[in-house]
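Take a look at the letters that make up each chain.
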Amino acid sequence: MAQDKFKVIFDITEAGYRQWGFPAVGLIFVVVGIGLIISRRLRSTVDTKLSRRLAPYLYTGFAALWTISAFAGTYSEYRRLLDGVRAGRCQVVEGTVTKFVPMPLQGHAMEHFVVNDHYFEYSDYVVTAGFNKTQSHGGPLREGLRVRICDVDGAIARLEIAE
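In this text the structure is predicted, and so the values were computed from the model without any measurement.

Caption draft 1: Geometry of the pattern of salt bridges. For the structure shown, the criterion picks out 6 salt bridges. Here E94 ties to R146 by a salt bridge, and the two come within 2.9 Å at their closest N and O atoms. Of this pair, E94 sits in strand β2 (residues 91-96) while R146 is found in strand β6 (residues 146-152), placing the two residues 52 residues apart along the sequence. Using a relative accessible area of 24% as the deciding quantity, one classes R146 as partly exposed. Salt-bridge contacts for E160 lead to R148; the nearest nitrogen and oxygen are separated by 3.6 Å. Of the two residues, E160 is situated in strand β7 (residues 155-162) and R148 in strand β6; the sequence distance between them amounts to 12 residues. Overall, the relative accessible area of 9% leaves E160 in the buried class.

Dropping the structure here:
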C-alpha cells in the first residue's frame, strides 16, 4: 500500500489559545459589579443594613474569582496539550474512523468515534483546547475516514486526514 499523504486539519501548536471567550464573559459581570459599587457610593442615602452594603462587593468578588478561575482552567489545559505535543508526549493513533456517532443537529450530545481501539469524544459545546468541531457544525470527521491523531491524555491535540 502506498504511503498516505495527510492534511493537517487541527494543530494545537498553530491554533493558539482559542477559549478566551469563556473567561471573557466573566468580565461583563465584573464590570456590572464595579458599576453597582460606584452606584452605591454615589447615592446620598446611607443604607444601614450590612447585607445591602456588602452585596455589590460580594457580587464583584465572586465575578472576579469566577473569571480568574475560568481563565486559569482553560489556559492550563491549553498549555498542557501544547507542551505535550512539543515534548513528544502525545500518542499517535493512525487508522480508519469506525463506530462514528455524530452529534445530532438539535442536541448537545458528544460526537464520538474509534480509531484502532482508541475512543475519542468531543463537542462544540464543551470548552476545550483540543479539536472539538462536530460534523453538524461543519467538522470533517465521518465513518471510514483515514486519520492520524496526536492524542494527549484523551484530547485531540492534532488531527490529520488522509488525502
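Following the structure, the description resumes.
Caption draft 2: Up close: helix α2 (residues 21-42). Between its first and last C-alpha, α2 extends 32 Å over 22 residues, near the 32 Å set by a 1.5 Å rise per residue. Every buried residue belonging to α2 is among P23, G26, V30, G33 and I37, and all of these are buried. Along the axis of α2, the buried residues cluster in a sector spanning 60°; they form a single face. Opposite the buried face of α2, at more than 90 degrees from it, the exposed residues are I28, V31 and L42. Contact partners of the buried residues in α2: α3 (50-86).

Caption draft 3: Broad picture of the sheet that holds β6. The antiparallel open sheet is built from 4 strands, whose spatial order is β1-β7-β6-β2. Looking at the sheet topology across the chains shown, the edges are occupied by β1 (6-11) and β2. The average undirected angle you get between the axes of adjacent strands in this sheet is 20°. With 6 bridges joining them, β2 and β6 adopt antiparallel strand pairing. Bridge pairing links V93 to I149 in β6. Across the sheet, α3 touches β6 and β7, and the angle it forms with β6 is around 110°.

Caption draft 4: View of α3. In a regular helix each residue adds 1.5 Å, so 37 residues correspond to 54 Å; α3 covers 53 Å between its end C-alpha atoms and thus fits that length. Within α3, the axis deviates most sharply at P56, by approximately 30°. P56, T60, A63, T67, A70, T74, E77, Y78, L81, L82, G84 and V85 are the residues of α3 that are buried. A positive backbone phi angle near 75° is found at G88, which sits one or two residues after α3.

Caption draft 5: Spatial organisation of the sheet that holds strand β4 (residues 111-115). Read from one edge to the other, the open sheet built from 3 strands follows the order β3-β4-β5, with strand pairing classed as antiparallel. The open sheet is flanked by β3 (98-101) and β5 (118-122), the only strands paired with a single partner. Going from strand to strand, the sheet's axes swing by 15° on average, the running direction of each strand aside. Here β3 pairs with β4 via 2 bridges, running antiparallel. Its bridge partner lying in β4, T98 is registered against V114.

Caption draft 6: Geometry of the nonpolar core. One finds I12, F113, L141 and V147 to be the most contacted residues of the largest nonpolar core, which totals 28 residues. Elements with a contribution of two residues or more to this core: α3, β4, β5, β6 and β7. Excluding anything up to four places from it in sequence, L141 contacts V97, F100, F113, Y122, F131, Q135, V147, L159 and I161.

Rules of the game
- Residues numbered from 1 in each chain as written.
- Predicted model: local features only at pLDDT ≥ 70, side-chain atom pairs only at ≥ 80, totals over all residues.
- Heavy atoms only, no water.
- Salt bridge = Lys/Arg side-chain N within 4 Å of Asp/Glu carboxyl O.
- Helix = DSSP H or I, 4+ residues; strand = E, 2+ residues; numbered from the N terminus.
- Buried < 20%, exposed > 50% of the residue type's maximum accessible area, 1.4 Å probe, protein only.
- Expected span 1.5 Å × (residues − 1).
- Arc of directions from axis to C-beta.
- Contact = heavy atoms within 4.5 Å.
- Pairing = 2+ DSSP bridges.
- Axes fitted to C-alpha atoms, helices over the stretch in contact; angles between N-to-C directions.
- Bend = angle between axes of the 7 residues up to and from the residue.
- Core = buried A, V, L, I, M, F, W, Y, C linked by side-chain atoms within 4.5 Å.

In short, geometric facts, not functional conclusions.
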